[in-house]
Amino acid sequence: MYNYISNYKGRTDLVDLYGDNSLLLYALQLRYDIEDIISVASEALTDGSDDKKCDLIYIDRDSGFAVVAQAYMKKNPTETDLAKVNKASDLNTAASWIFTRDINDIPDRIKDSVNELQEAIKDGDINTVYFWYVHNMNEKNNPEVQEELNTVQIAAQKLVNNLAGDNSVKIVSLEVGNDTIERWYNSSSKRITIEEEIDVEGNGKAFEVKGGKWKSCVTAVKGSWIRKLYLMYKDDLFSGNPRNYLGAGKRKNKINLGIMDTVQEQPENFWAYNNGLTALVDDYEIDDDNITKVHGITIINGAQSTGAIGAVESLKEDFLVPIRFIVCSDPKIIEEIINNNNKQNEILPSDLRSNDKQQVRLRKEFEKYPQLYYSGGRRDSTRVRNKEVFDPYLVAQTLLAFHGDCVTAYNSKKLIWDEDKEYTNIFSDQLTAEHIIFVYSLGRAIDEFKINLKNKKEQRTDIEDDELNFLSKRGSKMLLISAVSTCMESLLGKKILDSWRLVFKDNKNFDKLVEEWKAILDVLMPWHSTLEPAIVSGLKSKEATQNAAKQLRATLTSFSSMYAQQLKPFSDSINTDM
């Protein structure tokens, strides 16, 4: 029995809403530590009658990767069941549509996702595209699946090379069955997942230091040994690291290109140029002042150096890598070791703001609502369960969209945290936890509105089909949030003096707040065509979005008397005392 299964079955937020795609989303969240998977699903899921074998297209420009996935869920699987090979081969079809077809030939269901991925590849923002076959069976039962995925990887690599031009994009195909999901689940709660006894290939004396609850030794190991570990264990080697290897590209992760260049052209200088690695191990053995073995290992600092060493085609000559092995059994100290060893990593903009007075204040304000969780950009190893998690980046995006700039909100999510002007405009003294809840629940309502439309399948009316097509366009969520904000006076029938003070009267039940917003979407969505011009070529023009939102407001206002009774419960739930 796999440990992850009971945890997955308890995720009713995924299982009830997404059915056969729920395991795919569960695996994606585990693998990339996604805080708000519902919002990601709203945009990344493409599963449908004309999806061209793409159940999901997840694009992360900031990290430089994308995931294209095909999913298969067998009801009541047994230990001996075989995963279907044809589902793996379907990824060939997905790759062909994504990398070779003219965008005008792409079905509407996946057109925006494919267009964004193609543009990101051409712009040099994507270094790696993963092709996943996700299923709920044992991977070892059917070796033909991996053989087919190898074929997919080779074929897709040729296709993407033609699309990428001078940019370098690596294709990785991966079978994500019970064994892989179990590893990812364990790594989310267990720091060292590689538990084997490993012979160390070093070339230098070990210097040992001991603390009260830890011991450590510093030494030099061969670059060929690090390369061998990475090629053998891949990302499992970084189970205790906040980041995996991010690849190397001309625009993204250029530092890793420099490390690879040193390995190939100046291996004799690697020791002098590189900061070295830190590895957490269960134990190590020292003989005659040389470290000979380690028991278990995870590299907690130096994932980029390790991956770059493993990414070169071959080593012209060996070289030495500085490394520190640490043994510790105290969970709290382990977390502090990991956190402190990664402060010199490329820091996310939100990390730098996490101790800002506004974030400290907002975290304190959220303590009034124990069923909700807002980290304020602070990252740690705590996995929050049984709470509504507010993704800090999505909080900033939705707030910016609600307050007038959905274009920047959609296209530059990290910019909001990075640029002082954008940050202070959003996270100011006037922002409250209650207003965050107000706007974030609107975003969630849009996600669920889309899910409900999708789940109706052949029962959808023609109007509902049009609504789903609109909500399937990239950027539609931020555009709709902005449009709702523009319409707020018409919705409430009252002058709004300060939109930052808009809050619900009672914030204890987040699900109820989402339902309040769905009633508003029932009114507005039939007029989605007024917003279409702002998104037809992507969400790029601030003027176009403002004009479209004003058009929607004018339409709503002309019918305000018709909807007065329908809007009254929403208006009554809002604190309009300004």
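All values derive from a computational prediction rather than experimental measurement. (Residues numbered from 1 in each chain as written. Predicted model: local features only at pLDDT ≥ 70, side-chain atom pairs only at ≥ 80, totals over all residues. Heavy atoms only, no water.)

**Student:** I'd like a description of the overall build of the protein chain, backed by residues and values.
**Tutor:** For the protein chain, the count of helices and strands is 26 helices and 15 strands. In terms of C-alpha radius of gyration, the protein chain reaches 25 Å, essentially the compact-globule figure of 25 Å for 578 residues. For the protein chain, buried positions account for 54% of its 578 residues. Put simply, 73% of the contacts in the protein chain that link residues at least 6 apart link residues at least 24 apart. Summing over all exposed atoms, the protein chain offers an accessible surface of approximately 26,200 Å²; the carbon and sulfur share of this is 46%. Across the protein chain, 73 positive and 89 negative side-chain charges occur, with their mean positions spaced 3 Å apart. (Helix = DSSP H or I, 4+ residues; strand = E, 2+ residues; numbered from the N terminus. Rg over C-alpha atoms; globule rule 2.2 N^0.38 Å. Buried < 20%, exposed > 50% of the residue type's maximum accessible area, 1.4 Å probe, protein only. Contact = heavy atoms within 4.5 Å. Areas by Shrake-Rupley, 256 points an atom, 1.4 Å probe, with all protein chains shown as cover. Lys, Arg positive; Asp, Glu negative; His and termini not counted. Charge placed at Lys NZ, Arg CZ, Asp CG, Glu CD.)

**Student:** So what's going on with helix α15 (residues 357–366)? Residues and values would help.
**Tutor:** Along α15, the positions that sit buried rather than exposed are Q358, Q359, L362, R363, E365 and F366. Around the axis of α15, the buried residues are gathered within 160 degrees of arc, so they sit on the same side. Projecting away from the buried face of α15 at angles above 90 degrees are the exposed residues K357 and K364. Its side-chain oxygen 2.8 Å from the backbone nitrogen of Q358, D356 forms the N-cap of α15. (Arc of directions from axis to C-beta. Polar contact = N/O pair within 3.5 Å; in protein donor to acceptor, adjacent residues only side chain to side chain.)

**Student:** Pulling in residues and values, what's your account of the packing of helix α24 (residues 510–524) against helix α26 (residues 560–573)?
**Tutor:** Axis separation between α24 and α26 bottoms out at 10 Å; the angle between their running directions is 155 degrees. One element, α24, and the other, α26, form an angle in the roughly antiparallel class. α26 is crossed by α24, and the crossing has left-handed handedness. Residues E516, W517, A519, I520, D522 and V523 of α24 pack against Y563, Q566, L567, P569, F570 and S573 of α26. Split into classes, the residues belonging to the contact of α24 with α26 amount to eight nonpolar, two polar and two charged. (Axes fitted to C-alpha atoms, helices over the stretch in contact; angles between N-to-C directions. Parallel < 35°, antiparallel > 145°, perpendicular 65-115°, else oblique. Left-handed = near helix turned anticlockwise from the far one by under 90°. Nonpolar A, V, L, I, M, F, W, Y, C, P; charged D, E, K, R; others polar.)

**Student:** Residue-level account of the packing of helix α20 (residues 433–456) against helix α22 (residues 476–486), with values.
**Tutor:** The interhelical angle for the contact between α20 and α22, taken along N-to-C directions, is 125 degrees, at an axis separation of 10 Å. When the axes of α20 and α22 are compared, the pair comes out oblique. Of the two possible hands of crossing, α20 and α22 adopt the one that is right-handed. Contacts between α20 and α22 pair L442, G443, I446 and D447 from the former with K477, L480, I481 and V484 from the latter.

**Student:** Would you mind going over the pairing of strand β11 (residues 320–328) in detail, with residue names and values included?
**Tutor:** Among the nine residues that make up β11, seven are buried, leaving the element largely enclosed by the rest of the structure. As defined by bridge partners, strand β7 (residues 214–222) adjoins β11 across nine bridges and the pair is classed as antiparallel. Directly across from A220, in β11, lies its bridge partner P322. Sheet analysis places strand β8 (residues 277–281) next to β11, joined by five bridges and oriented parallel. Its bridge partner being in β11, L277 is matched across the sheet by I323. (Pairing = 2+ DSSP bridges.)

**Student:** Provide a residue-level description of the packing of aromatic side chains, including the pertinent values.
**Tutor:** Applying the stated criterion across every chain, the model contains 30 aromatic pairs. Aromatic ring contacts, followed pair by pair, group Y32, Y58, F65, Y130, W132 and W184 into a single cluster. Its guanidinium or amino end placed over the ring of W97, R101 lies 3.9 Å from that ring's centre, counting from NZ or CZ. The ring of Y284 carries the charged tip of K215 above its face, separated from the ring centre by 4.7 Å. (Phe/Tyr/Trp six-rings, centres within 6.5 Å; stacked < 30°, edge-to-face > 60°. Lys NZ or Arg CZ within 6 Å of the ring centre and 35° of its normal.)

**Student:** Report on the sheet that holds strand β4 (residues 170–176), specifying residues and quantitative values.
**Tutor:** One open sheet accounts for four strands, arranged β1-β2-β3-β4; its pairing is mixed. Each edge of the open sheet carries a strand with a single partner, namely β1 (56–60) and β4. Put simply, the sheet's adjacent strands are angled 15 degrees from each other on average, direction ignored. Where strand β3 (residues 128–135) and β4 come together, seven bridges link them in parallel fashion.

**Student:** Now, about the side chain of R444: what can you tell me, with residues and values included?
**Tutor:** By the element assignment, R444 lies in helix α20. Not counting residues within four places of it along the chain, the set of residues in contact with R444 comprises D36, I38, E388, F510 and V514.

**Student:** Describe the side chain of Q70, and please don't skip the residues or the numbers.
**Tutor:** Following the sequence through the fold, Q70 ends up in strand β2 (residues 65–72). Looking at Q70, its side chain comes within polar contact range of the main-chain oxygen of K53, at 2.8 Å. In this structure Q70 touches K53, C54, D55, K87, D90, L91, W132, Y133 and V134, once residues within four positions along its chain are discounted.

**Student:** Help me get a handle on the confidence of the model for the protein chain, residues and values and all.
**Tutor:** With 95% of its residues at a pLDDT of 70 or more, the protein chain shows a mean pLDDT of 90. Helix α14 (residues 349–353) is the least confidently modelled element of the protein chain, averaging 60 in pLDDT, while α22 averages 97, the highest of any element. (pLDDT = per-residue confidence, 0-100.)

**Student:** Mind laying out the pairing of β7, listing which residues take part and the relevant values?
**Tutor:** As defined by bridge partners, strand β6 (residues 207–210) adjoins β7 across four bridges and the pair is classed as antiparallel. Along β7, the bridge assignment pairs F207 with V218. Taking the residues that link successive antiparallel strands as the turn, the β6-β7 hairpin has three residues.

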